[in-house]
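Commentary on secondary and tertiary structure
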Amino acid sequence: MAAPLARHHVACRIVNLPTDVPDLTNMAGLILMGGPMSANDDLPWIRHEIAAIRTARDRGLPVLGICLGAQLIARALGARVYPNGEKEIGWSSLNWTAAAHTDALFHGLPDPQMVFQWHGETFDLPPGAGHLAYSDVCRNQAYRAGTNIYGIQFHLEVTPEMIAEWLRQDDACGEAREAAAPIDPYAHAAALADAADTVFDRWCRLLR
């Protein structure tokens, strides 16, 4: 997401959890990325992050959560996070709901859309949230709560280099072996980059 933020002249502060606590003072928005842990883990930084999400909601700030980030938002807004029926790892085909076709972030994207997945958990939609995307393996792939809080289960942000690095990591290689097919980091990278550029650019426009 660095390029869209730079195009919109948005300065960002990277919070290194669990050693740092999010502080939303003078912040225009909040982005929550992924990770191998669970949104249900009883960890101090999980509690701090959920508190930050609720603070951002109460202040009307735009929020974007990716993978674990989407699960944390769901939990912060009162929804359940739990194991998916099967792990979704690698490239997969995603479908947009009717609501997504008129959504501020997702309108006009290819349907279906190839995206990259790496998750074993899923979530219920937060109360009142709009359902935006689904796959054959996981029903709740994207949602919008209110007008400016978004959770996406899939990884729009990844590059081929990032995928290759994930495949090399010792703590990820076990999950990689569970993928339904061998993972080619470059397989759908160009289409994913186009979608990411569009979605992240539109999200940046929500920032005050």
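Anything mentioned here points back to the structure above.
Residues numbered from 1 in each chain as written. Predicted model: local features only at pLDDT ≥ 70, side-chain atom pairs only at ≥ 80, totals over all residues. Heavy atoms only, no water.

Moving on, we come to the sheet that holds strand 2 (residues 63-66). The mixed open sheet is built from 7 strands, whose spatial order is 1-2-7-6-5-3-4. With one partner strand each, in any of the chains shown, strand 1 (30-32) and strand 4 (113-123) form the two edges of the open sheet. Between one strand and the next, the sheet's axes are offset by a mean angle of 20 degrees, whatever the strand orientation. Across 3 bridges, strand 1 lies against strand 2 in parallel orientation. Residue pairing in the sheet places L30 in a bridge with V63 of strand 2. Contacts from helix 3 (residues 68-76) reach strand 1, strand 2, strand 3 (81-96), strand 4, strand 6 (142-145) and strand 7 (149-152), with the element oriented near 125 degrees to strand 2. Sheet contacts for helix 6 (residues 189-204): strand 1, strand 2, strand 3, strand 4 and strand 7; angle to strand 4, the most-contacted strand, approximately 70 degrees. (Pairing = 2+ DSSP bridges. Helix = DSSP H or I, 4+ residues; strand = E, 2+ residues; numbered from the N terminus. Axes fitted to C-alpha atoms, helices over the stretch in contact; angles between N-to-C directions. Contact = heavy atoms within 4.5 Å.)

In this model helix 2 (residues 44-59) runs 23 Å from its N-terminal to its C-terminal C-alpha over 16 residues, within 8% of the 22 Å that 1.5 Å per residue would give. Taken residue by residue, helix 2 has W45, I46, E49, I50, A52, I53 and A56 as its buried positions. The arc enclosing the buried residues of helix 2, seen along the axis, measures out at 155 degrees, which places them on a common side. Along its buried surface, helix 2 packs onto strand 1, strand 2 and helix 3. Downstream of helix 2 by one or two residues, G60 has phi in the positive range, about 75 degrees. (Expected span 1.5 Å × (residues − 1). Buried < 20%, exposed > 50% of the residue type's maximum accessible area, 1.4 Å probe, protein only. Arc of directions from axis to C-beta.)

Right, let's talk about helix 4 (residues 160-168) for a bit. Here helix 4 has its buried residues at P160, I163 and W166. Axial view of helix 4: buried residues confined to an arc of 120 degrees, hence all on one face. Every exposed residue of helix 4 that faces more than 90 degrees away from the buried side is listed here: E161 and R168.

The next thing to look at is the pairing of strand 7. Covered by surrounding structure in strand 7 are I149 and G151 together with Y150 and I152, the residues of both alternating faces. In this structure, strand 2 lies alongside strand 7, joined through 4 bridges in parallel fashion. By the bridge assignment, L64 is partnered in strand 7 with Y150. The pairing of strand 6 with strand 7 spans 4 bridges and is classified as antiparallel. Paired with A142 across the bridge in strand 7 is I152. Between the end of strand 6 and the start of strand 7, which pair antiparallel, lie 3 residues, with G146 showing a positive phi angle near 70 degrees.

Let us now look at the side chain of Q141. Summarising the element assignment, Q141 is placed in the loop between strand 5 (130-134) and strand 6. On the basis of relative accessible area, Q141 is assigned to the buried category, the value being 0%. Within the local environment of Q141, its side chain forms a polar contact with the side chain of E88, the two groups lying 2.9 Å apart. With residues up to four places along the chain from it excluded, the contact list for Q141 reads E88, L94, Q117, H119, A133, Y134, S135, G151, I152, Q153 and F154. (Polar contact = N/O pair within 3.5 Å; in protein donor to acceptor, adjacent residues only side chain to side chain.)

Summarising the sheet, strand 5 and strand 6 pair through 3 bridges and their orientation is antiparallel. Among the inter-strand pairings, G130 is bridged to a residue of strand 6, identified as R144.

Ranked by internal contacts, the top residues of the largest apolar core, which has 37 residues, are W96, F106, F116, F154, L156 and F200. Taken together, the elements giving at least two residues each to this core come down to strand 2, strand 3, strand 4, strand 5, strand 7, helix 4 and helix 6. Among the elements that make up this core, the one with the highest residue count is helix 6 (7 residues). Not counting the four nearest positions on each side in its chain, W96 is found in contact with H101, F106, L109, P110, D111, Q113, L132, A133, Y134 and F154. Counting residues in each nonpolar core, the second largest holds 26 residues, with L61, V63, A70 and F123 among its members. (Core = buried A, V, L, I, M, F, W, Y, C linked by side-chain atoms within 4.5 Å.)

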